[in-house]
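Observations on chain architecture
Here's the letter readout for the chains.
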Amino acid sequence: MQRVGVFVCWCGSNIAGTIDVQAVSEALKKEAGVVFSTNYQYMCSQAGQNIIIEAIKEHNLTGIVVCSCSPRMHEATFRKTAASAGLNPYMVEIANIREQCSWVHKDMMSGTEKAIILGRAAIAKVNLNTPLTPGETPVTKRALVIGGGIAGIQTALDIADAGFPVDIVEAKPTIGGKMAQLDKTFPTLDCAACILTPKMVDVAQNENIRIFSYSEVTGVKGFVGNFDVTIRKNARYVKEDICTGCGACVEKCPMKKVPNEFNLGMDSRRAIYIPFAQAVPKVATIDPNACNMLKSGKCGICAKVCATGAIDYNQKEEYIQEKYGAIVVATGFNPISMEKFDEFAYSQSCDVITSLEFERLTNAAGPTSGHLVRPSDGKKPKTIVFVQCVGSRCDAYAQKGKEYCSKICCMYTAKHAMLVRDKYPDTEVLVFYIDVRTPGKNFDEFYRRATEEYGVKYIKGMVGKIIPNGDKLIVRGSDLIMDKQLNIEADLVVLAAAIEPDKSARNLATMLTASMDTNDFFTEAHPKLRPVESPTAGVFLSGACQGPKDIPETVSQAGAAAAKVIGLLAKDRLTGNPCVAYSNEIMCNGCSSCERVCPYRAITYEEKESHINRGKLRRIAVVNPAVCQGCGACTVACPSGAMDLKGFASSQIIAEVDAICR
């Protein structure tokens, strides 16, 4: 029998407000194996930890139970405390009486009763615990950044500056992401290209960074410190190491009517193209769906005019295998599709555009060279209406849009309105809004400048319908402050479309065994204490893949993710999780059920001599403890009960259930 110590935390009034902590510690003192029980206001404090250390030494404790908050918060803290007192850290159990009791029960009697039950279950488990020793694995000192937007760029630069090699994998032919499509940035109205382009050049020139553009991650195996990644490098039909980016091939290509995705289809490009002037790498790419040579074998002009001989119509996609110690996800965002919002006439009139399309219209490198004109007739608009929250903050039952606030729309709409009024002061600008949200530094001042200095008219109310009427757009909306309906004749309408994670995020999360929320944003390990870490060890989050963010917040998170990666790569060896699966060779029947469900591919099979029939070979499951992450999927799938989990054995779980039901 173990000698168990119980330590009940008040957590200030978080726990003690709805749980009688004294009654809990007195009740648990009577449980089998318990030789010491006490309570303290803040058990995680230094004074509280000293109480635990002294009790372990004085009472010769072989296991401890801490009744406190979620183990996600302080399990590591209490394990370190136990280790400092000479107790195996895996002889520590946490009973979560805060989130599971005090935060969900209003009645003290109910909360106290449940806290005692949870403490009893933890004691039953620790009585069956055995000391565990974690193993060690070497660390591959190279990082992978998936996504080449500003988040991926900043993360890669910070890691590379610390002396570690980094690879950036970007699906587009160039790095830069959404920021490369912007004109100005709020709240300082800096030129986006002036900020981003030097960063892109730094990436290209950094000897510790490799860029895999026009590429995708297709497979991830392994574990923290030792990831095996497969990268598919798509065929550009242009040799990157030879192409100089001179653009001669682009000028001569006869296929001119291909929609330009960089300008969101608002103009055309050639079948062979360089996305924009500052592209990195500055290498041409042939669109196989538009190139006559690749489709029919007729043309070949670009190959004839290429002075370096970089065109290669026979180029095939290439698969690259590389090892990494850490992976950073920086897949970014996209504006949502407007197809479900036909009340705004987006599909009926080309003079109804999204905010990102507006960015391209006002950008000097855009389809109109920065001249703000109506896409329909090229005339300067006299009245522009901006519509906020298109697809954001939608009703859960509307079956369209997103329930969350996209966070950046209020600010970039204020930016757009100010830029219009600054450059075209005779243009009337109106903004329909639900609420104006300005949560960042100098954001509220920026919004007030739009209304007070630039005369932008903000109308609190929603737009119900937009009707094309000749060369005008009739905007029907409500003014909730004036309590009246409005019919406004507009020349141009700009929709602040909600943002959502990139479409690649869901498939990537499956490969990384990373967690996602219901909106397909990556989930952090802990929103306060580990905001840039995924629950999957060795996988970190940077930028809008984790939730809507503006550029300053994205850059901050990129630096934080890089710091975490640097801390990991700086270690020569990592201590693994000892709570891993193991196979009982006598009970294993070699059915492969566990192997099929293992997401980490930690289980293999070997032919071993039977313990019963000597000389006869049996197929036995073998777990690689360095790869196993202790998820427990194999223990559930095993029909013979041969698979079990150290620290979470079936006998321990049954003991907990028995204690709860007692």
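As shown above, the structure is provided for reference.
**What about a nonpolar patch on the surface?**
Together, Phe 648, Ile 653 and Val 657 make up an exposed nonpolar region whose accessible area comes to about 250 Å². Classification of Val 657 as partly exposed rests on a relative accessible area of 41%.

**Regarding the packing of aromatic side chains**
For the coordinates displayed, the defined rule picks out 7 aromatic pairs. Seen in terms of ring centroids, Phe 7 and Phe 36 are 5.7 Å apart; in terms of plane orientation they differ by 50°. Their pairing is tilted. Placement of the pair is Phe 7 in strand β1 (residues 4-9) and Phe 36 in strand β2 (residues 34-40), with a sequence separation of 29 residues. Taken together, a centroid distance of 5.5 Å and an interplanar angle of 80° make the contact between Phe 186 and Phe 443 edge-to-face. In this pair, Phe 186 sits in the loop between β8 (184-185) and β9 (190-191) while Phe 443 sits in helix α13 (residues 443-453), placing the two residues 257 residues apart along the sequence. Of the two residues, Phe 186 and Phe 443, neither departs from the other in class, the shared state being buried. Cation over ring: Lys 178 sits above Phe 333, and NZ or CZ is 5.8 Å from the ring centre. The side chain of Arg 269 reaches across the aromatic face of Tyr 273, ending 3.9 Å from its centre.

**Concerning empty space enclosed by the protein**
Enumeration over the complete set of coordinates arrives at 5 cavities of 30 Å³ or more. Each pocket or cavity is described by its volume, and for the largest cavity that value is around 140 Å³. Looking at the lining of the largest cavity, the elements with two or more residues in it are β11 (215-223) and α14 (505-512). Counting residues per element, the lining of the largest cavity draws most heavily on β11, which supplies 4 residues. Among the residues forming the lining of the largest cavity, the class breakdown is 9 nonpolar, 4 polar and 2 charged.

**So, the pattern of salt bridges**
Overall, the coordinates contain 40 salt bridges when judged by the stated rule. Among the salt bridges present, the one from Asp 444 reaches Arg 448, with a minimum N-O distance of 2.7 Å. Of this pair, Asp 444 and Arg 448 both sit in helix α13, 4 residues apart, which is roughly one turn of the helix. A relative accessible area of 31% places Asp 444 in the partly exposed class. Among the ionic contacts, a cluster of salt bridges with common partners joins Asp 351, Arg 374, Asp 377, Lys 472 and Asp 491.

**Examining the sheet that holds strand β21 (residues 383-390)**
Whether parallel or antiparallel, the strands of a sheet pair through hydrogen bonds between backbone atoms. Spatially, the 5 strands line up as an open sheet ordered β20-β27-β21-β22-β23, and their pairing is parallel. Every interior strand has two partners, whereas the edge strands, β20 (352-354) and β23 (457-460), have only one. Averaged over all adjacent pairs, the angle separating strand axes in this sheet is 25°, with direction ignored. With 5 bridges connecting them, β21 and strand β27 (residues 492-497) associate as parallel partners. Its bridge partner being in β27, Val 387 is matched across the sheet by Leu 495. Contacting β21, β22 (428-433), β23 and β27, helix α12 (residues 409-423) runs over the sheet at an angle of about 175° to β21.

**Focus on the environment of Lys 472**
In this structure, Lys 472 sits in strand β25 (residues 472-479). For the pair formed by Lys 472 and Asp 351, sequence separation is 121 residues and the distance between their alpha carbons is 8.9 Å. Dropping the residues within four chain positions of it, Lys 472 is found in contact with Ile 467, Glu 489, Ala 490 and Asp 491. A distance of 2.7 Å separates a polar atom in the side chain of Lys 472 from a polar atom in the side chain of Asp 491.

**A word on the side chain of Asp 167**
With respect to the helices and strands, the residue Asp 167 is situated in strand β7 (residues 166-169). By relative accessible area, Asp 167 is classed as buried at 0%. Once residues within four sequence positions are removed from consideration, Asp 167 is found in contact with Arg 142, Ala 143, Leu 144, Val 145, Arg 210, Phe 212, Glu 322 and Tyr 324.

**Thoughts on the state of the cysteines**
Per the stated rule, a full pass over the model turns up 0 disulfides. Counting only cysteine sulfurs, Cys 389 is the nearest neighbor of Cys 394, a cysteine outside any disulfide, at a range of 8.6 Å. According to the relative accessible area criterion, Cys 394 is buried, its value standing at 17%.

**Things to note about the sheet that holds β7**
Taken in spatial order, the 5 strands line up as β10-β7-β6-β18-β29 in an open sheet, and their pairing is parallel. Of all the strands in the sheet, just β10 (209-212) and β29 (539-541) have a single pairing partner and so form its edges. Each adjacent strand pair in this sheet contributes to an overall mean axis angle of 20°, direction not counted. As paired elements, strand β6 (residues 143-146) and β7 share 4 bridges and run parallel to each other. In the sheet register, Ala 143 faces β7, and the bridge partner there is Val 166.

**Quick word on the pairing of β1**
Judged by how many residues are buried, β1 sits mostly within the fold: 6 of 6 residues are covered. As judged from the 5 bridges shared by β1 and strand β3 (residues 63-68), these two strands associate in the parallel manner. If you follow Val 4 over to β3, its bridge partner there is Gly 63. Where β1 lies against β2, 6 bridges are found, and the strand directions are parallel. Opposite Val 4, over in β2, you have Val 34 as the bridge partner. Crossover β1 to β2 through helix α1 (residues 21-28) is right-handed.

**Quick notes on helix α18 (residues 650-661)**
For α18, which comprises 12 residues, the first-to-last C-alpha distance of 16 Å matches the rise-based estimate of 16 Å (1.5 Å per residue) to within 8%. Those residues of α18 not exposed but buried are Gln 652, Ala 655 and Ala 659. Each buried residue of α18 lies within a common arc of 60° when the element is viewed along its axis, so the set occupies one face. Structurally, α18 contributes buried residues whose contacts are with α5 (108-126).

**Re the packing of helix α6 (residues 150-161) against helix α15 (residues 551-569)**
The N-to-C vectors of α6 and α15 enclose an angle of 40°; their axes lie 8 Å apart at closest approach. With respect to the hand of their crossing, α6 and α15 are arranged in right-handed fashion. Together, Ile 150, Ala 151, Gln 154, Thr 155, Asp 158 and Ile 159 of α6 and Thr 554, Val 555, Ala 558, Gly 559, Ala 562, Val 565, Ile 566 and Leu 569 of α15 make up the contact between the two elements. A class-by-class count of the residues in the contact of α6 with α15 yields 9 nonpolar, 4 polar and 1 charged.

Cut-offs applied
- Residues numbered from 1 in each chain as written.
- Predicted model: local features only at pLDDT ≥ 70, side-chain atom pairs only at ≥ 80, totals over all residues.
- Heavy atoms only, no water.
- Patch = residues over 30% accessible without salt bridge, like charges linked within 9 Å, V, L, I, M, F, W, Y side chains within 5 Å.
- Areas by Shrake-Rupley, 256 points an atom, 1.4 Å probe, with all protein chains shown as cover.
- Salt bridge = Lys/Arg side-chain N within 4 Å of Asp/Glu carboxyl O.
- Buried < 20%, exposed > 50% of the residue type's maximum accessible area, 1.4 Å probe, protein only.
- Phe/Tyr/Trp six-rings, centres within 6.5 Å; stacked < 30°, edge-to-face > 60°.
- Helix = DSSP H or I, 4+ residues; strand = E, 2+ residues; numbered from the N terminus.
- Lys NZ or Arg CZ within 6 Å of the ring centre and 35° of its normal.
- 1 Å grid on protein atoms, 1.4 Å probe; cavity = no way out; pocket = protein on both sides within 12 Å on 5 of 7 lines; lining within 4 Å.
- Points joined across faces, edges and corners; volume = space filled by probe spheres on them.
- Nonpolar A, V, L, I, M, F, W, Y, C, P; charged D, E, K, R; others polar.
- Pairing = 2+ DSSP bridges.
- Axes fitted to C-alpha atoms, helices over the stretch in contact; angles between N-to-C directions.
- Contact = heavy atoms within 4.5 Å.
- Polar contact = N/O pair within 3.5 Å; in protein donor to acceptor, adjacent residues only side chain to side chain.
- Disulfide = S-S within 2.5 Å.
- Right-handed = clockwise from strand over helix to strand, strands pointing away.
- Expected span 1.5 Å × (residues − 1).
- Arc of directions from axis to C-beta.
- Left-handed = near helix turned anticlockwise from the far one by under 90°.

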